[in-house]
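Read off the chains here:
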Amino acid sequence: MSKTSERGETNGTRETNDGTESLLGRMDRRTVMKGIGAAGLVGVGASSASASTSDEGFDPVEATVADVRDAIESGEATARDIVEDYLERIEVYDGAINSIISVNEHAVERAAELDEQYAASGPVGPLHGVPLILKDNNDTADMPTTNGSLSMEHSRPEDDAFIVQQLREAGCVVVAKANLDEFARGITADSSLGGQTRNPYALGRNPSGSSSGTGAAIAANLAVLGTGTDTCGSVRNPTAFGSLAGLRPTMGLISRDGIVPLSLERDTAGPMARTVADMAAMLDAMVGYDPADPLTSRGANEIPANADRIAGDSYTDYLDEDALDGLCVGVLRDFFGPDIDEEDAEEEQDCSCSDGDPVARAEAEAEQVTSLVESALDEMERQGAEIVEIEEIPDYDDLLEAANEPSVFKEDLDAYLEGVDNEYETLAEIVESDLYSCAKADSLRTSDEEDDPNARETDEYTLSVAGKVELRDAVEGLMLERGVDVLVYPTLSHPPAEIGESQPGSNCSLSAYSQLPAIVVPAGYTEDEQLPVGVEMLGFEFDEPTLIGAAYAYEQAADPRETPDGFGPLPAEAPEVPNPDYEVGIAAEDDC
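Residues numbered from 1 in each chain as written. Predicted model: local features only at pLDDT ≥ 70, side-chain atom pairs only at ≥ 80, totals over all residues. Heavy atoms only, no water.

(A) Representation of the overall build of the protein within the structure. The helix and strand inventory of the protein stands at 21 helices and 17 strands. Each of the 592 residues in the protein was classed as buried or not, and the buried ones make up 60%. Counting only contacts in the protein whose residues sit at least 6 apart along the sequence, the fraction spanning at least 24 positions is 77%. When the accessible area of the protein is evaluated, it comes to approximately 21,800 Å², of which 44% is carbon and sulfur surface. (Helix = DSSP H or I, 4+ residues; strand = E, 2+ residues; numbered from the N terminus. Buried < 20%, exposed > 50% of the residue type's maximum accessible area, 1.4 Å probe, protein only. Contact = heavy atoms within 4.5 Å. Areas by Shrake-Rupley, 256 points an atom, 1.4 Å probe, with all protein chains shown as cover.)

(B) Just the environment of I387, in detail. As for its placement among the helices and strands, I387 is situated in strand β12 (residues 386-390). You can call I387 partly exposed: its relative accessible area is 24%. As for I387 and L377, which are separated by 10 residues in sequence, their C-alpha atoms are 7.8 Å apart. Residues in contact with I387, not counting those within four places in the same chain, are V329, V331, L377 and E381.

(C) Broad picture of the environment of R482. Mapped onto the elements of the fold, R482 is located in helix α18 (residues 459-482). Sequence separation between R482 and V388 is 94 residues; the distance between their C-alpha atoms is 7.9 Å. Contacts of R482, omitting those with residues within four sequence positions, involve V388, E389 and I390. A distance of 3.1 Å separates the side chain of R482 from the backbone oxygen of E389, its partner in a polar contact. (Polar contact = N/O pair within 3.5 Å; in protein donor to acceptor, adjacent residues only side chain to side chain.)

(D) Looking closely at the packing of helix α14 (residues 396-403) against α18. Contact geometry of α14 with α18 gives a least axis separation of 7 Å together with a crossing angle of 145°. Facing α14, whose interface residues are Y396, L399, L400, A402 and A403, α18 presents L463, S464, G467, K468, E470, L471 and A474. Partitioned by chemical class, the residues of the contact of α14 with α18 number eight nonpolar, two polar and two charged. (Axes fitted to C-alpha atoms, helices over the stretch in contact; angles between N-to-C directions. Nonpolar A, V, L, I, M, F, W, Y, C, P; charged D, E, K, R; others polar.)

(E) A look at the sheet that holds strand β3 (residues 131-135). Reading across the sheet, the 11 strands line up as β2-β5-β3-β8-β10-β9-β15-β16-β14-β11-β12 and stay open at both edges, with mixed pairing between neighbours. The two strands at the open ends of the sheet, each matched to only one other strand, are β2 (100-103) and β12. Taken over all neighbouring pairs, the strand axes of this sheet differ in orientation by 30° on average, direction set aside. The strands that helix α20 (residues 544-558) touches are β9 (245-248), β14 (486-490), β15 (518-525) and β16 (532-538); relative to β15, the one it contacts most, it runs at about 15°. (Pairing = 2+ DSSP bridges.)

(F) Spatial organisation of the pattern of salt bridges. Going through the model one piece at a time under the given rule, you end up with 26 salt bridges. Between K440 and D190 there is a salt bridge; the shortest N-O distance is 3.0 Å. Remark: D190 occurs in strand β6 (residues 190-191) and K440 occurs in helix α17 (residues 438-450); sequence separation between them is 250 residues. In terms of burial, K440 and D190 fall into one category: buried. When the shortest N-O distance is used, the salt bridge between R382 and E379 registers 2.8 Å. With R382 and E379 both in helix α13 (residues 358-382) and three residues apart, this pair spans about one turn of that helix. Owing to a relative accessible area of 58%, R382 belongs among the exposed residues under this scheme. (Salt bridge = Lys/Arg side-chain N within 4 Å of Asp/Glu carboxyl O.)

(G) Up close: the packing of helix α10 (residues 276-286) against α20. In the contact formed by α10 and α20, the axes pass within 9 Å of each other and the chain directions differ by 155°. The angle between the axes of α10 and α20 places the two elements in the roughly antiparallel class. Every residue of α20 that contacts α10 at V276, A277, M279, A280 and L283 is listed here: I548, A551, Y552 and E555. Its residues placed into classes, the contact of α10 with α20 shows eight nonpolar, no polar and one charged. (Parallel < 35°, antiparallel > 145°, perpendicular 65-115°, else oblique.)

(H) Expanded view of the state of the cysteines. Enumeration over the complete set of coordinates arrives at two disulfides. Paired through a disulfide, C232 and C508 show a sulfur-sulfur distance of 2.0 Å. Taking the torsion about the sulfur-sulfur bond, which here is approximately 80°, the covalent link between C232 and C508 counts as right-handed. Separated by 276 residues along the polypeptide, C232 in the loop between β8 (225-230) and α9 (236-241) and C508 in the loop between β14 and α19 (509-514) bring together distant segments of the chain. For C508, a relative accessible area of 10% translates into the label buried. (Disulfide = S-S within 2.5 Å.)

Right, dumping it as structure tokens:
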């Protein structure tokens, strides 16, 4: 339940599936798929069974990994009961947030198998029976991996992604696959296949992306854990706007095998959960050496379970309420404040239809975010952290520019498509199909026309590799010089934008291009419209343990997360969606 009753829905816009119905009948088919996947699998008595399970002890709202374990161990619920609870929540509530692309028709069967194994020999792993939602760019052998695109609607990988295999072996049950910004390009939470995902805290607002569906679904309690991927903010932004805990790990800690690529130089998966403890438990299952991704050789000996020099055998060993005591926290001031495009602001000011002064509006939005992050810093200081003010990273813009690689999207996507069964076998064929959203049309066509197939052999690419090392060294050098353990700043310096508007204020680049780890936890909610805001902590290479400890200590002291109103226990009805006629344009239909 929410801790406050004041949070309300804000007006905005909402996407329906009508934009593609005439093309492929997607709305009807998607509705049927969800109905069969949830209600059909759960059975006729699902609603009463789920309600009685919750009444007897297990409550899926804000449930943790520990809650699932305790319910199964005590006999209050089986893995099947728990999975059915979440499938019912998807059926009831996802119509409001549109976070799910497909429900796993094998989920109940898998949960029943786990129950049999539990009765015979105990749990199969530390995440036994835990419902999991996958971002739909994670390969699954038993479900399509669509990348949110009509052009990949029926794409079938040969096997699971490495992280999916690991999570399943740990005991997770995949209940569904989540919507994302199509091809993971962007942070506006829309795709031609999945439509527009909405923020459960304010249904007219953006949940950000590209792991938008995962963030919205976990925030609304449609599963316990979720996967995201992050090329520049795509785990961290929806974590912030979903009032969640999420991590972009050091590059090389988690395998990229079986994840549809955007830019392999920066792509990484990351865990998303409602608590730091759950995120850490999930991270344990995701990390490890994978021969299919040679970069994981860098991280193999940095994992607590594999490293004798690292105290503890699990990331959960660093869940210390006193971890902030004596920690030195650097506040990166240059990452606070409004994100204003001066030319756009001048044009809007000149427009008679403008709703007030755009600069003043941006400053007011950013001030609310700053106030919340300042409160989070105050809490860290009360817990014993030393706060050090750092105005900026010297020469940051130049370092960032030098680290930016030429686009390799076409080369990497074509290589990925060679290994899956999809009607369209290259980016060129996808572009020709027009089966993608208008919002992504220009960027897809530009990549097809302009990406150099030999980009990795160019001097520009070589310099960008060196540039990432130089940026990392500059950041770590600054941290050492100022004696700080972590850097702190807003994940985004603006709150969630209205759906259909661009999202300003993302601070995604520092972690993405330096390849240093960053963790996000809730900072609170804006005063005017109760919109969620996240605070980000960046650490030294492979120093995830320090980040986890700091985030956990802050979380335990501040207790910052609130459940979104309208997504409480069942039975219930989904909240009403504002402006339900918002549509995502499709290139094949809208001549874009």
